[in-house]
Protein chains: 2
Amino acid sequence: MKEKQLPKYMQLKQEILSWLHAGKLKANDQMPSENEIAEQFQMSRQTVRQTFGELEQEGWLYRMQGKGTYVSTPHTQKSRDVQTIGILTTYISDYIFPHIVRGAESALRARGYRLLLSSTDNDKEKEKESLQMMMSQPLSGLIIEPTRSAEGNPNLSFYLSLDYQHIPYLMINERYPEMNCPSLIVDDEEGGFKAAQHLIELGHRRIAGFFKTDDLQGVNRLKGFLRAHQQYQIPLLPELVIHYTTDEKGQKPYESAIDLITQQAERPTAFVCYNDELAIHLLEAVRTTGLQVPQDISLVGFDDSSLALATEVKLTTLTHPKTQLGTDAAELLIDMIENKRRNGSEAGKVYTPELIIRESTIRVMPSQIG
Amino acid sequence: MKEKQLPKYMQLKQEILSWLHAGKLKANDQMPSENEIAEQFQMSRQTVRQTFGELEQEGWLYRMQGKGTYVSTPHTQKSRDVQTIGILTTYISDYIFPHIVRGAESALRARGYRLLLSSTDNDKEKEKESLQMMMSQPLSGLIIEPTRSAEGNPNLSFYLSLDYQHIPYLMINERYPEMNCPSLIVDDEEGGFKAAQHLIELGHRRIAGFFKTDDLQGVNRLKGFLRAHQQYQIPLLPELVIHYTTDEKGQKPYESAIDLITQQAERPTAFVCYNDELAIHLLEAVRTTGLQVPQDISLVGFDDSSLALATEVKLTTLTHPKTQLGTDAAELLIDMIENKRRNGSEAGKVYTPELIIRESTIRVMPSQIG
DNA sequence: TCACTCAACTTGTATGTACATATGGCGAGC
DNA sequence: GCTCGCCATATGTACATACAAGTTGAGTGA
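In short, a report on the structure. (Residues numbered from 1 in each chain as written. Chains lettered and ligands numbered in written order. Predicted model: local features only at pLDDT ≥ 70, side-chain atom pairs only at ≥ 80, totals over all residues. Heavy atoms only, no water.)

**Digging into the overall build of chain A**
To be explicit about the condition: Secondary structure elements follow DSSP: runs of H or I no shorter than four residues count as helices, runs of E no shorter than two count as strands, and numbering proceeds from the N terminus. We call a residue buried when its accessible area falls under 20% of the maximum for its residue type, exposed when it is over 50%, and partly exposed in between, using a 1.4 Å probe and counting protein chains only. Contact between two residues is taken to exist if any of their heavy atoms lie within 4.5 Å; hydrogens are not considered. Surface exposure here means Shrake-Rupley accessible area, sampled with a 1.4 Å probe, where a residue is shielded only by the protein chains that are shown.
The secondary structure content of chain A amounts to 13 helices and 14 strands. When the 370 residues of chain A are sorted by exposure, 53% land in the buried category. Put simply, of all contacts in chain A between residues at least 6 apart along the chain, 74% involve residues at least 24 apart. Accessible surface for chain A amounts to roughly 16,700 Å². Of this, 49% is attributable to carbon and sulfur atoms.

**Concerning the sheet that holds strand 10 (residues 270-273) of chain B**
Residue and element names in this part refer to chain B. For the record, the criterion: Two strands are counted as paired when DSSP detects at least two bridges linking them. Working convention: axes come from line fits to C-alpha atoms, limited for helices to the stretch in contact. Angles between N-to-C directions cover 0 to 180 degrees.
In spatial order, the strands read 9-8-10-11; together these four strands make up an open sheet with parallel pairing. On the outer flanks of this sheet lie strand 9 (241-244) and strand 11 (298-300), each paired with one strand and no other. In this sheet, neighbouring strand axes are inclined to one another by 15° on average, regardless of whether the strands run parallel or antiparallel. The pairing of strand 8 (residues 207-212) with strand 10 spans four bridges and is classified as parallel. Of the residues in strand 10, the one forming a bridge with A208 is F271.

**Focus on unusual backbone geometry**
Most peptide bonds take the trans form, and the phi angle of most residues other than glycine is negative. With an omega of 5°, the peptide bond between V293 of chain A and P294 of chain A qualifies as cis. In this structure, Q42 of chain A takes a positive phi of about 55° despite not being glycine. Tracing the chain through its elements places Q42 of chain A in the loop between helix 2 (34-40) and helix 3 (45-57). A positive phi is found at K322 of chain B, a non-glycine position, where the angle reads about 45°. Mapped onto the elements of the fold, K322 of chain B is located in the loop between strand 12 (317-318) and helix 13 (323-338). Classification of K322 of chain B as buried rests on a relative accessible area of 13%.

**Observations concerning the protein's contact with DNA strand D**
Definition in use: To be near a molecule or strand, a residue needs just one of its heavy atoms within 4 Å of it. Polar contacts here mean pairs of N or O atoms no more than 3.5 Å apart (in protein, one a potential hydrogen donor and the other a potential acceptor; neighbouring residues in sequence count only if both atoms are side-chain atoms). Classification convention: Asp, Glu, Lys, Arg as charged; Ala, Val, Leu, Ile, Met, Phe, Trp, Tyr, Cys, Pro as nonpolar; all other residues, Gly among them, as polar.
The environment of DNA strand D is formed by 26 residues, the closest being K8, Y9, Q46 and T47 of chain A together with Q65 of chain B. Take Q65 of chain B: an N or O atom from its side chain is 3.1 Å from a sugar or linking oxygen of DNA strand D. If you list the elements that add at least two residues to the surface near DNA strand D, you get helix 1 (8-21) and helix 3 of chain A together with helix 2 (34-40), helix 3 (45-57), strand 1 (61-64) and strand 2 (68-71) of chain B. At four residues, helix 3 of chain A tops the list of elements feeding residues into the surface near DNA strand D. Tallied by class, the residues present in the surface near DNA strand D amount to four nonpolar, 13 polar and nine charged.

**As for the protein's contact with DNA strand C**
Residues in contact with DNA strand C amount to 26 residues; listed here are only the nearest, R45, Q65 and G66 of chain A together with K8 and T47 of chain B. Within 4 Å of the protein, the atoms of DNA strand C are drawn from sugar and phosphate moieties in a proportion of 70%. Interatomic distance of 3.4 Å between a side-chain N/O atom of Q46 of chain A and a base nitrogen of DNA strand C. Elements that contribute at least two residues to the surface near DNA strand C include exactly helix 2, helix 3, strand 1 (61-64) and strand 2 (68-71) of chain A together with helix 1 (8-21) and helix 3 of chain B. The leading source of residues in the surface near DNA strand C is helix 3 of chain B, at four residues. A class-by-class count of the residues in the surface near DNA strand C yields four nonpolar, 13 polar and nine charged.

**Some remarks on helix 9 (residues 216-231) of chain B**
Residue and element names in this part refer to chain B. Selection criterion: Each helix should span, by expectation, one fewer than its residue count multiplied by 1.5 Å. The directions considered for the arc are those from the helix axis to the C-beta atoms.
An ideal rise of 1.5 Å per residue puts 22 Å on 16 residues; helix 9 measures up with 22 Å between its terminal C-alpha atoms. Taken as a whole, helix 9 has its buried residues at Q217, G218, R221, L222, G224, F225, A228 and H229. Angularly, the buried residues of helix 9 cover 160° about the axis, an arc narrow enough to put them on a single face. Residues of helix 9 that are exposed and point more than 90 degrees away from the buried face comprise Q230 and Q231. The inward-facing, buried residues of helix 9 contact strand 6 (169-173), helix 8 (188-201), strand 8, strand 9 and strand 10. Downstream of helix 9 by one or two residues, Q233 has phi in the positive range, about 55°.

**A word on the side chain of H229 of chain B**
Residue and element names in this part refer to chain B. Examined against the element boundaries, H229 turns out to sit in helix 9. With relative accessibility at 3%, the residue H229 sits in the buried group. Discounting residues that sit within four places of it in the chain, H229 has contacts with A196, I200, I207, I234 and L236.

**What about the pairing of strand 8 (residues 207-212) of chain A?**
All names here are of chain A. Heads up, the rule is: We call a crossover right-handed when, viewed with the strands running away from us, the connection from the first strand over the helix to the second turns clockwise.
Along strand 8, six of the six residues are buried, which leaves the element largely enclosed by surrounding structure. The alternating pattern of strand 8 places I207, G209 and F211 and A208, F210 and K212 on opposite faces, both of which are buried. With four bridges joining them, strand 8 and strand 9 (residues 241-244) adopt parallel strand pairing. Within strand 9, the residue paired with F210 across the bridge is I242. A crossover connection joins strand 8 to the parallel strand 9 through helix 9 (residues 216-231); in handedness this β-α-β unit is right-handed.

**Quick notes on helix 3 of chain A**
Residues and elements named next belong to chain A. Its 13 residues give helix 3 an end-to-end C-alpha distance of 18 Å, which sits within 8% of 18 Å, the value for a rise of 1.5 Å per residue. Buried within helix 3 we find V48, T51, F52, G53 and L55. Where helix 3 is buried, its residues touch helix 1, helix 2, strand 1 and strand 2.

**Observations regarding the sheet that holds strand 8 of chain A**
Residues and elements named next belong to chain A. Sheet architecture is open: four strands sit in the order 9-8-10-11, paired in parallel fashion. Looking at strand neighbours, the two that pair on one side only are strand 9 and strand 11 (298-300), the edges of this open sheet. Here the strands of the sheet are splayed against their neighbours by 15° on average, with no regard to which way each runs. Contacts from helix 10 (residues 252-263) reach strand 8, strand 9 and strand 10 (270-273) within the one sheet, and its direction differs from that of strand 9 by about 160°. Each of strand 8, strand 9, strand 10 and strand 11 is contacted by helix 11 (residues 276-288), which is oriented at about 150° to strand 10, the strand it contacts most.

**What about the pattern of salt bridges?**
How we decide: By definition here, a salt bridge exists when the distance from a side-chain nitrogen of Lys or Arg to a carboxyl oxygen of Asp or Glu is within 4 Å.
According to the stated counting rule, one finds 41 salt bridges over all chains in the structure shown. A salt bridge links D121 of chain B to R109 of chain A; its shortest N-O distance comes to 4.0 Å. Residue D121 of chain B is found in the loop between strand 4 (113-119) and helix 6 (124-134), and its partner R109 of chain A is found in helix 5 (residues 97-110); the two belong to separate chains. A relative accessible area of 29% means that D121 of chain B is categorised as partly exposed. Looking at R109 of chain A, the relative accessible area reads 6%, which means it is buried.

**Focus on the interface of chain A and chain B**
Convention followed: The term buried area denotes the loss of accessible surface (1.4 Å probe radius) that occurs when two parts are joined, taken as the sum for both partners.
Across the contact, 38 residues belong to chain A and 38 residues belong to chain B. In this assembly, chain A packs against chain B so that about 3,500 Å² is buried in total across both faces, 52% of it on carbon and sulfur atoms. Three residues, R109, R114 and M133 of chain A, lead the burial of chain A against chain B; their summed loss comes to 21% of the area buried on that side. Taken together, the connections running from chain A to chain B amount to 12 residue pairs in polar contact (both at pLDDT 80 or more). The dominant element in the side of chain A that touches chain B, judged by the number of residues it contributes, is strand 4 (residues 113-119) of chain A, at seven residues. Partitioning the side of chain A that touches chain B into residue classes produces 14 nonpolar, 13 polar and 11 charged. Pairing analysis gives three bridges linking strand 4 of chain A to strand 4 of chain B, with the strands arranged antiparallel. The partner of L116 of chain A across the bridge, within strand 4 of chain B, is L116 of chain B.

Printed below as a string of structure tokens:
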């Protein structure tokens, strides 16, 4: 019999809570007096007082000297059940993030959770501020999109204190390798591979790749891009791989694309773009040189965002779960909270991007072949 | 001597709190044991326990069985200062809303407020749920984007209870006429007027208007559209004004546009679209009929969203403050909270949309003139 | 009929005792 | 030098008693 008997006052508390849940006692009903309960349960009035004290603290009962003890209104009771979950993303308004937030928000609302939202603008210092503010009041769980994950994790101590406080959390899109928690990620390497493979199978041999490499997403897409070239034994000229950072995204890739088209002896026949946003941007760049997509240059985007359908030439791109990712994250987190599952990386999920072939890619023209 | 002597346990509580405030006891210092205090203050251990119990409840102390009682970290104490503000929008992921949310979020974060986010999907029932959840825990203020504002306000009681609880709130984008609070709105009627005026001055005489009329935004844009026709004394055929609701937005305007082009004896030469999203959609519709924008049909969008620049033919559109609106809303609300300004409609702000002329509108061709 | 008193009941405060249980240090014994 | 067990001390639980203070209603008296 290792199992410990609950203290009497706790047993009484459970009993009374069960009365409330069973509807035996309704709002503003008067409770039996302390002495009545004491006699009925064969315990002293002091013990009953201890129980009533806790129940009052927790908002289930209220007491009036000289009159008696009463059941609180359901409003006051139920409100304690509303829990809050935080989401910390890099950006809010850009691109696919609103869809992730929306998926999570609707799942959370349906399950009765409130959503705290904060963004980091991909800035470690803001990530720290946001974590501090979020944790300053009771939090039931946290969904995190890591900030600049290719550069390590200076806010590790905050994440450790999440463990210490037993607050469940999970990561989306990317992960900090040193942390052991469930993560919902997209297999970006596979996506990069599929993009390059698609173009190679269409006969392209000079494919330029534009990748944002200050987050793991871009690094992994690049990795898959390279692996496809190796696997198909296509030599890849170093100047056909363009790296850029978040700060440079407005200029560098655009100018590099124009350079590649106009300067290179043999211009590339296809671009693999870090995402749809960049693809649209490079579509412009191609047009300014007088060339056409897809006749002269094939384009592959990433993420299947709304932008991919807004253009006249609909973009070939790779899917991103977006809303589904947000919904899955919220539901997994709620499951962790309600079933007290421990953290652990085994839980997560990996999404494989699927290629969507539209109008921006085309079999390489005979005239283009070197 | 009316003044009642405080109970002993309360006196002790005051005493211990004064120790904490005076810095006599620092974080994680060990308190004297219950028995020591009891002897020192000439009271029983039970009384000391009562005091300690309350101080523990309030977060000042924590107790460890067998070890002793300790002072909590200042973190736990000071954290009570972080306040929470809610934002209730119709949509989260769509269109310009992410920008509004982003503007508000960054302003709030900078000022040390947390952001609770919820959406209504333009559904009154969900609006009610969201309000309930938000108000279930302390809230310092609320930013509301009204749901289906053209159809009245069934959740009025919730808004009245905001007043009752002295929670400041303000409205963005639209307003419930019966409520007296600051509102930040865009002068949509002026926008509708400018859109029509622009086309009229380019010589267009048969201008079709597509408006979503289940919210006030669309109704007002339509109003301005009509006013321009009156002012320039252009007769407007009833069949050139297309109404639709949120549910119909995928089909009705698209089909109506094709009908207008193909069925009408004299097809319209320009479309005024409820927003950029619809404009892109109708751009497609025009293309399927073999006509071109802007040569055959001029298009005006609304809101200057990122979509307006994604297309090959850059959209002529009207500005929307978006991020600025979110930032302004957050800062006004913080001002109301911190300076205890009362609600009142005098505070708000009205933004006037500006016309941005791009490539989708053109002077009417001689061949087009009936 | 009205106002007052008072008894009986409620919860609030205060103290005393007893034992249970968790912690940490000390010393005996290996 | 290490381990084990004991002990002192801390908080946790439980019960008993006493009186204070607020509420209610029945009973009393003018």
